[in-house]
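Here is what each chain is made of, one letter per residue.
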Amino acid sequence: MSLFFQFNFLIAEEKNNPSWMAVDNTKKQVTFNLKAAYNGNNGSWNYNGFYDGSAELVVPEEWDVNIKFHNPDGNYRHSVAIIKSFDVNAVPEEAGPELVAVARAYSLGPEYGCLSCKEDIKFKAKNRADYTIGKYAVFCGVPGHGAVGMWLGFSVKQGIDAPYVIYNKTAMDEKDAKPLF
Ligand SMILES: [Cu+2]
């Protein structure tokens with residue numbers, strides 16, 4: 001491990017337990033309540049007020065994950081799809097099931113999204129044999145949404161015993177309303 005990596009690790013990894021995360025350590029289950037269009041941040045294209053990877057959800061490998069997705073908006077469709085991480089200069093324009101990187105980790109028809117809808121998205125935090133780096137994104141698959149920032153980081157990690165969330169406030173505009181902590 002390089003010194004640079006260690007330094008980065010020390011400044012970046014503040015572990016948070018937000019109000020929208022519920023953990024059952026015995027059952028190895030974590031629930032994330034993700035509300036699309038939580039506030040006006042990023043033109044309302046956000047989850048719980050976060051966008052552009054300003055929150056990263058970190059889950060131990062083999063845990064059961066339930067993303068309780070809620071889009072209260074009746075005007076803009078939104079969705080959730082766990083896709084591979086990407087270069088921020090080459091964000092996918094949309095995401096259908098073919099881009100989903102973790103089995104069953106997507107809402108119904110992620111490239112279409114839904115209006116005024118709720119869905120439980122249940123899956124196991126697993127890395128595929130052909131993709132072991134553990135870095136993903138919670139991505140709104142509706143065309144144009146993820147590309148303008150409607151995504152959060154998502155990581156599957158070995159060697160941790162509880163889920164947590166990392167905030168990266170520098171990814172947000174200082175004029176933004178507070179996200180849900
Ligand atoms: Cu969206």
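Refer to the structure above for everything that follows.
Rules and cut-offs
Numbering of residues starts from 1 in each chain and follows the order in which that chain's sequence is written. The predicted origin of the model limits local features to residues at a pLDDT of at least 70 and limits the giving and counting of side-chain atom pairs to 80 or more, whereas totals for whole chains, interfaces and linings rest on all residues. Counting from the N terminus, the helices are the DSSP runs of H or I reaching at least four residues and the strands are the DSSP runs of E reaching at least two. In this setup the radius of gyration rests on C-alpha atoms only. A globule is expected at 2.2 Å times the number of residues raised to 0.38. As a rule, residues whose C-beta atom has 12 or fewer other C-beta atoms within 10 Å are exposed, those with 20 or more are buried, and those in between are partly exposed; C-beta atoms are placed from the backbone. For every residue pair, C-beta atoms are placed from the backbone, and the pair is scored as a contact if these atoms sit within 7 Å. At least two DSSP bridges between two strands are needed for those strands to be called paired. For helices, the axis comes from a line fit to the C-alpha atoms of the stretch in contact; other axes are also lines fit to C-alpha atoms, and the angle between any two N-to-C directions lies between 0 and 180 degrees.

Engineer: Tell me what's going on with the overall build of the protein chain, and back it up with residues and numbers.
Structural biologist: Helix and strand counts for the protein chain come out as one helix and nine strands. Scaling as 2.2 N^0.38, a compact globule of 181 residues should have a C-alpha radius of gyration of about 16 Å, and the protein chain matches this with 15 Å. The C-alpha extent of the protein chain, read off along each of the three principal axes, is 45 × 35 × 30 Å. Split into buried and exposed, the 181 residues of the protein chain put 38% on the buried side. In the protein chain, once contacts between residues fewer than 6 apart in sequence are set aside, the share between residues at least 24 apart is 74%.

Engineer: I'd like to hear about the sheet that holds strand β7 (residues 135–139), residue by residue, with values.
Structural biologist: Ordered by their spatial adjacency, five strands build an open sheet running β5-β7-β8-β3-β9, and the pairing between neighbours is mixed. The open sheet has two edge strands with one neighbour each: β5 (81–84) and β9 (164–167). Here the average twist between neighbouring strands, direction ignored, is 30°. Summarising the sheet, β7 and strand β8 (residues 151–157) pair through five bridges and their orientation is antiparallel. Pairing of K135 across the sheet is with S155, part of β8.

Engineer: Break down the sheet that holds strand β6 (residues 117–124) for me, with residues and values.
Structural biologist: Sheet strands pair by backbone hydrogen bonding; their relative direction is either parallel or antiparallel. As summarised here, the arrangement of the four strands in space is β1-β2-β4-β6, forming an open sheet in which the pairing is mixed. Because the sheet does not close on itself, it has two edges, and the strands there are β1 (21–24) and β6. Each strand axis lies, on average, 15° off the axis of its neighbour in the sheet, ignoring direction.

Engineer: Let's hear about the environment of A125: which residues, and what values?
Structural biologist: By secondary structure assignment, the location of A125 is in the loop between β6 and β7. Overall, the presence of 25 C-beta atoms within 10 Å leaves A125 in the buried class. With 63 residues separating them along the chain, A125 and E62 place their C-alpha atoms 5.1 Å apart.

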